[in-house]
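Here's the letter readout for the chains.
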Amino acid sequence: MAASGGAYAAQLPAVPEWLNKGDNAWQLTAATLVGIQSMPGLVVLYGSIVKKKWAVNSAFMALYAYASSLLVWVLVGFRMAFGERLLPFWGKAGVALSQDYLVRRAALSATAHGATPRTEPFYPEATLVLFQFEFAAITLVLLAGSVLGRMNIKAWMAFTPLWLLFSYTVGAFSLWGGGFLYHWGVIDYSGGYVIHLSSGVAGFTAAYWVGPRLKSDRERFSPNNILLMIAGGGLLWMGWAGFNGGAPYAANIAASVAVLNTNVSAATSLLTWTCLDVIFFGKPSVIGAVQGMMTGLVCITPGAGLVQTWAAVIMGVFAGSVPWFTMMILHKKSALLMRVDDTLAVFHTHAVAGLLGGVLTGLLATPGLLEIESPVPGLRGAFYGGGIRQVGKQLAGAAFVVAWNVVVTSLILLAIGLVVPLRMPDEQLMIGDDAAHGEEAYALWGDGEKFDATRHDASRVGGGGAGGMERDGSVEQRLSGMGARGVTIQL
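Along each chain, residue indices are assigned from 1 in the same order as the chain's sequence is written. Note on the predicted model: pLDDT of at least 70 is required for a residue's local features to be given, and 80 or more for side-chain atom pairs to be given and counted; whole-chain, interface and lining totals, by contrast, use all residues. The side-chain quantities take in all heavy atoms of the structure and omit both hydrogens and water.

The protein chain is annotated in an unreviewed UniProt entry as Ammonium transporter from Panicum virgatum. UniProt positions are given in the numbering used here, feature names are shortened, and annotations may be inferred rather than shown by experiment. Under the heading Function (unreviewed entry), UniProt records this for the protein chain: "Involved in ammonium transport." The UniProt entry for the protein chain carries the following comment under Sequence similarities (unreviewed entry): "Belongs to the ammonia transporter channel (TC 1.A.11.2) family."

Structural data, given as structure tokens:
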């Protein structure tokens, strides 16, 4: 084979001089890992962690949010978040669809700061569009966890593009795309504020306006498949290597530090949460372990590539204890927290953990790693001589994100509520998936109701006749009398 032939030629239009193949390959891999966190990670997690009658609806809300986000993102969203400056907190809208735009070298136009030039990764714009889309999509999917089990699916379909445009893009531009918080020096390495604080606060706000689940669902909402829940959580954990490892926009040393710190914090938080469950409740909870894993991943995200690994252990301990306290203790003492039905406790696992991570980053970020990643010179955590100033910036940045999400999420839902109801009617909530979609997750009956031959008739399965299956009469009598939760069928 000729050395200069085909795809291996020395000079190719597809391999311009500025392209770093290693960075491009890693960034595409990182984008795929983040995508797997949503599809199938959170789809599987949501479909299994809820009550059986809500499995299809919960999984579909995640699926729809992911798909709807992509079109909005390439049509206008990406450039609102990472394009040229329009306002101190917003970029100019524009399409990201043309070849001329997508094959040129990626650039974040508004990120130039003083003598520091604008951010220009060594790969095409198309790679950056894809990577940042995965972040935008997972933010909406996480938000969905607060309103599972009662939100009108039509209202959700209208909500997702509007929230992406008017809420997510503002946070992304302000902190990442070259907005006022970016230039002021607020640190959010990979989305502790842009993604997790936003989704937690917006989800809590949405849960307030949508209203609660049925009383019976709030009192008993056990997972329909804990093993699948663990599998979905595992995809989240492994996918976080791309989440935090892709944040530097390069396969550099900060990416390596970030991936290691991410895993250390997640493991430490999981163990801390589990130990607290054993100490206070006498036994470990699998659901609690998954929540502890999640809070550890969220807490390290604002500073994953900016802190030392011993600091990641400390952040993991706080991540496994502070959200545990707010969820298990404070929640029961707060009238507001008790009133708002946050289905999967997204406020605790994402808003609390994200804010905690941002504050700890202000304490523990090292000047050496900040010099690599931040355009603002002289930034350092309080423990490295930065004083309380950096912590103050972190708190101020969080306050902006919280206020914007509360106001914008409320306005969007109030506007949608004028057109379609935000909450499904009670008669549909009693049924669940079958009422919302005409489909059910499992070809089984159960969820606690007693056997009803008119509803659960298995006397003839497969059409009857010689090829069908008949239920033994004595078994039917026993089932009817005992209120059994399954059907025994004899061939």
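Further notes follow.
**Considering the overall build of the protein chain**
Each helix and strand in the protein chain was counted, giving 19 helices and two strands. In the protein chain, buried positions account for 53% of the 491 residues. Any pair of residues with heavy atoms lying within 4.5 Å of one another is described as a contacting pair. Put simply, of all contacts in the protein chain between residues at least 6 apart along the chain, 75% involve residues at least 24 apart. Using a 1.4 Å probe, the Shrake-Rupley method yields the accessible areas, and only the shown protein chains count as cover for residues. Working note: accessible area of the protein chain is about 20,600 Å², and carbon and sulfur atoms make up 66% of it. Segments assigned H or I by DSSP are reported as helices when at least four residues long, segments assigned E as strands when at least two residues long, and all are numbered from the N terminus. Only protein chains enter the accessibility calculation, which uses a 1.4 Å probe; a residue whose area is less than 20% of its type maximum is buried, one above 50% is exposed, and one in between is partly exposed.

**Considerations on the pattern of salt bridges**
Put simply, a salt bridge is a Lys or Arg side-chain nitrogen that is within 4 Å of an Asp or Glu carboxyl oxygen. Under the defined criterion, the tally for this structure stands at nine salt bridges. For Lys-51, the salt bridge is made with Asp-217, and the minimal N-O distance between the two is 3.0 Å. Here Lys-51 is found in the loop between α1 (21–49) and α2 (55–82), whereas its partner Asp-217 is found in helix α8 (residues 215–219), with 166 residues between them in sequence. Take Lys-51: its relative accessible area is 8%, and that puts it in the buried class. For Asp-217, the salt bridge goes to Lys-53, with nearest N and O atoms at 3.5 Å. Taken together, the residues span a long stretch of sequence, with Asp-217 in helix α8 and Lys-53 in the loop between α1 and α2 at a distance of 164 residues. Here Asp-217 and Lys-53 have matching classes, each one buried. Three or more residues are tied together by salt bridges with common partners; here these are Lys-51, Lys-53 and Asp-217.

**Brief notes about unusual backbone geometry**
Cis geometry marks the peptide bond from Met-39 to Pro-40; its omega dihedral reads 15°. Looking at the element boundaries, Pro-40 is found in helix α1. For Tyr-249, which is not glycine, the phi torsion reads 65° and is therefore positive. Tracing the backbone shows Tyr-249 in the loop between α9 (226–245) and α10 (253–281). Classification of Tyr-249 by relative accessible area gives buried; the value is 11%. Of note in the backbone geometry, Ala-345 takes a positive phi value of approximately 55° without being a glycine. Along the chain, Ala-345 falls in the loop between α13 (335–339) and α14 (346–364). Residue class for Ala-345 comes out buried when judged on its relative accessible area of 11%.

**A word on the packing of aromatic side chains**
Aromatic rings from Phe, Tyr and Trp, taking only the six-membered ring of Trp, are treated as a pair when their centres fall within 6.5 Å; an angle between ring planes under 30 degrees marks them as stacked, one over 60 as edge-to-face, and anything in between as tilted. Per the stated rule, a full pass over the model turns up 21 aromatic pairs. Relative to Trp-209, the ring of Tyr-208 lies with its centre 5.1 Å away and its plane at 85°, an arrangement referred to as edge-to-face. Residues Phe-280 and Trp-324 carry aromatic rings whose centres are separated by 5.1 Å and whose planes lie at 40° to one another, so their mutual orientation is tilted. Here Phe-280, found in helix α10, pairs with Trp-324, found in helix α12 (residues 309–333); they are 44 residues apart in sequence, far enough to count as distant. Classification of Phe-280 by relative accessible area gives exposed; the value is 54%. On the basis of relative accessibility, which here comes to 4%, the residue Trp-324 falls in the buried class. Taken together, the aromatic side chains of Phe-89, Trp-90, Phe-166, Phe-180, Phe-400 and Trp-404 make up a single cluster linked through ring pairs. The ring centre of Phe-221 lies 4.4 Å from the NZ or CZ of Arg-213, which sits over that ring. Remark: a charge is flagged as sitting over a ring if the NZ atom of Lys or the CZ atom of Arg is within 6 Å of the ring centre and within 35 degrees of the ring normal.

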